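Structural features, examined
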Amino acid sequence: MANSASGMAVNDECKLRFLELKAKRSHRFIVFRIEEKIQQVVVETLGETQQTYDDFTASLPIDECRYAVYDFDFTTDENVQKSKIFFVAWSPDGSKTRSKMLYASSKDRFRRELDGVQVELQATDPSEISLDIVKERAF
């Protein structure tokens, strides 16, 4: 396990599941949470490959912070199939201030553990991670 600057460790399962998403494409998305009792970032939800972007956004709690990655498939203007891995720092307005601070202070170190992320988004409400914004950032 790697220690982050804020004292949060990254559970090995986080890196393992991310590698499965990146290399094997065995997950559509992964949602991570900070488990304060054990001072670790852990996997909370694994999205099946057939799940949609709506399933992904629905898996993010409305009033709690999370980190997430999403494997976004798209077709370019030249009709070429591509995919990009998005990292989402989810910090909704309704979440506790302590939680927002904890997630903010641990984000950079955790993000660096996920080698292969191509786009990063920070969001405080669902409109900031709408499918239109993701499509715009993918190109």
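Rules used throughout
Residues numbered from 1 in each chain as written. Predicted model: local features only at pLDDT ≥ 70, side-chain atom pairs only at ≥ 80, totals over all residues. Heavy atoms only, no water. 1 Å grid on protein atoms, 1.4 Å probe; cavity = no way out; pocket = protein on both sides within 12 Å on 5 of 7 lines; lining within 4 Å. Points joined across faces, edges and corners; volume = space filled by probe spheres on them. Helix = DSSP H or I, 4+ residues; strand = E, 2+ residues; numbered from the N terminus. Nonpolar A, V, L, I, M, F, W, Y, C, P; charged D, E, K, R; others polar. Buried < 20%, exposed > 50% of the residue type's maximum accessible area, 1.4 Å probe, protein only. Polar contact = N/O pair within 3.5 Å; in protein donor to acceptor, adjacent residues only side chain to side chain. Contact = heavy atoms within 4.5 Å. Salt bridge = Lys/Arg side-chain N within 4 Å of Asp/Glu carboxyl O. Phe/Tyr/Trp six-rings, centres within 6.5 Å; stacked < 30°, edge-to-face > 60°.

Moving on, we come to the layout of surface pockets. In this model, the largest pocket occupies a volume close to 350 Å³. Lining of the largest pocket is provided by 16 residues; of these, Glu36, Glu64, Arg66, Ser99 and Tyr103 occupy positions nearest its centre. Elements represented by at least two residues in the lining of the largest pocket include exactly strand S3 (29–35) and helix H3 (97–113). Among the elements that line the lining of the largest pocket, the one with the most residues is H3, at 4 residues. Tallied by class, the residues present in the lining of the largest pocket amount to 4 nonpolar, 3 polar and 9 charged.

Locating Lys107 in the fold gives a position in helix H3. The exposure class of Lys107 is buried, given its relative accessible area of 11%. Within the structure, Lys107 has its side chain in polar contact with the side chain of Glu120 (distance 2.6 Å). Filtering out sequence-adjacent residues up to four positions away, Lys107 remains in contact with Tyr67, Phe87, Ala89, Glu120 and Gln122.

Looking now at unusual backbone geometry. With a phi close to 55 degrees, Arg25 is a non-glycine residue in the positive phi region. Within the secondary structure, Arg25 is located in the loop between helix H1 (12–24) and S3. By relative accessible area, which is 38% here, Arg25 ends up partly exposed.

Side chains that differ in charge, positive against negative, can pair when their charged atoms come close. In total, this model carries 15 salt bridges according to the counting rule given. Lys15 is paired through a salt bridge with Asp12; the nearest N and O atoms lie 3.9 Å apart. Taken as a pair, Lys15 and Asp12 lie in helix H1 at a separation of 3 residues, close to a single helical turn. A relative accessible area of 42% places Asp12 in the partly exposed class. Across the salt bridge formed by Arg66 and Glu44, the nearest N and O atoms sit 2.9 Å from each other. Of this pair, Arg66 sits in strand S5 (residues 66–75) while Glu44 sits in strand S4 (residues 40–47), and the two are 22 residues apart along the sequence. Taken together, the shared-partner salt bridges connect Asp12, Lys15, Arg109 and Glu113 into one network.

All told, the structure shown has 13 aromatic pairs when counted by the stated rule. Relative to Tyr70, the ring of Phe29 lies with its centre 6.5 Å away and its plane at 20 degrees, an arrangement referred to as stacked. With Phe29 in strand S3 and Tyr70 in strand S5, this pair connects stretches of sequence that are 41 residues apart. Residue Phe29 is classed as buried on the basis of its relative accessible area, which comes to 1%. A relative accessible area of 6% places Tyr70 in the buried class. Residues Tyr67 and Phe110 carry aromatic rings whose centres are separated by 5.0 Å and whose planes lie at 25 degrees to one another, so their mutual orientation is stacked. With Tyr67 in strand S5 and Phe110 in helix H3, the pair connects residues that are 43 residues apart, well separated along the chain. Residue Tyr67 shares its accessibility class with Phe110, and that shared class is buried. Members of the aromatic cluster, joined through ring pairs, are Phe32, Tyr67, Phe87, Tyr103 and Phe110.

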